[in-house]
Amino acid sequence: MSVLWKGLSKRPLWEAGMRTGLKFVASAILLSTISGVAFADDIVASAQHDLVIYAGPQNGWHGPTSAPKPIAGKKIAFISNDESNDANHAWGVAITEAGRKIGWDVTVIDGKATPVGWNTAFNQAIALKVDGIITSADAKSLKDAIAEAEARNIPIVGIHAAALPGPDKELGLFTNIQEDPRDIGKAQADWIIADSNGHARVVVTSHNEFAIAETKSRAVVERLKACAGCKLLDYVNSPIAEVAQRQPQLVLSWVQRYGTPLYVTAVADYTLDFQVPALRGAMIDHSAVKLIGADGQRSAYERIRSGQYQAVTVSEPTEMQAYQAIDELNRALHNMPPSGFVQAPYLVTPQNVNAEGGDKDAFAPTNDYKKHYLEIWGIEP
């Protein structure tokens, strides 16, 4: 069996292709494999074809088509991992907007990027006697606080709060909303493999205090192992709370130690906010170091568009995820199961940087997600 067909037969990428409406890509690859075309066993060609799916249009609606009628007057809290992070702040803004549309009062509490801050924020939310909690803090670090919320029958919906999307009874999450980090890591690695023609020299970075971050970065490593001509130079884990202090020095040390050309991956674009100024200050050529990010924050779009070190990002639809969080919490409050919806990853490149909301520096799928959610909630769009 070819490397390429093995990749497409795995659930995440196959479902991604189905969700983006690019089934014809997989069909064409299958035909090529059957006919014995040489590129079917080529990791570079495999990556190139997979990227067609990851960077393709996101205009089909694959989310829920029905929901219980929301009950107005509910009080909920959004516990933000870190309000200084663009994605977390954007989730809070959109959760507040979506909640207001169904008559819910939303309080945003800043967890300040540390387990101590997250637990303090949870205690504050519980003291406010909220009806439900949405959080982007890592649930594994909140065992006691989540147990206290459960004891008070307060349902909890995560956004990037666990290693994988979906319900997690062990962590106390009704459901966890995110793209599959295994797919995100694979998309990052595929771009590197294709861009380097299978000869990349890579530093993989992570913030392993978050389960989702470690899952994402390990997926990059696993995919790179399939590339015989690629070289993993280093795997670097550092706390996200210390990125401002550590990342400028780290990125320059990698350039000094390993030389260029060099690829550097990050589990969050936020990390790159502190690497880019250091590279610029050291007058490192833009083509010598290519940064590969994730999340799709505004600064990432700006860097990709201008060619300022960052080459691509795997973008998360923050506003759509916020609407989904309200929808999932509504289901929890009605004792219904989660919707099961998982958005496919979307790779932002210089070629599609202005598509799917990119003209506004964000990933906003062109699938009328607000209209669909408002309709199933029984609200006029």
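Cut-offs used in this document
Residue positions are given per chain, counted from 1 along the sequence in the order it is written. Reporting of local features is limited, given that this is a predicted model, to residues whose pLDDT is at least 70; pairs of side-chain atoms are given and counted only at 80 or more, and all residues count toward the totals for whole chains, interfaces and linings. Heavy atoms throughout the structure, all of them, feed into the side-chain values; hydrogens and water do not. When a carboxyl oxygen of Asp or Glu is within 4 Å of a side-chain nitrogen of Lys or Arg, the pair counts as a salt bridge. Under the scheme used here, helices are H or I runs from DSSP no shorter than 4 residues and strands are E runs no shorter than 2 residues, and both carry numbers assigned from the N terminus. Think of it in three bands: with a 1.4 Å probe and only protein chains considered, a residue is buried below 20% of the maximum accessible area for its type, exposed above 50%, and partly exposed in between. Working definition: a disulfide is two cysteine sulfur atoms within 2.5 Å of each other.

Things to note about the pattern of salt bridges
Consideration 1: This structure, assessed with the given rule, holds 20 salt bridges.
Consideration 2: Glu 222 is the salt-bridge partner of Lys 225, the closest N and O atoms lying 3.0 Å from each other. With Lys 225 and Glu 222 both in helix α9 (residues 211–225), this residue pair falls three residues apart, about one helical turn.
Consideration 3: Two residues, Arg 303 and Asp 273, come together in a salt bridge whose shortest N-O distance is 2.8 Å. With Arg 303 in helix α12 (residues 298–306) and Asp 273 in helix α11 (residues 269–281), the pair connects residues that are 30 residues apart, well separated along the chain.
Consideration 4: On the basis of relative accessibility, which here comes to 9%, the residue Arg 303 falls in the buried class.
Consideration 5: One salt-bridge network, held together by shared partners, links Asp 50, Lys 186, Asp 190 and Arg 223.

What about the state of the cysteines?
Consideration 1: Throughout the structure, instances matching the rule amount to one disulfide.
Consideration 2: Disulfide pairing places Cys 227 opposite Cys 230 at an S-S distance of 2.2 Å. Here the S-S torsion is close to 60 degrees, and the disulfide linking Cys 227 with Cys 230 is therefore right-handed. Like Cys 230, Cys 227 is buried.

Taken by themselves, the reported measurements are silent on function.
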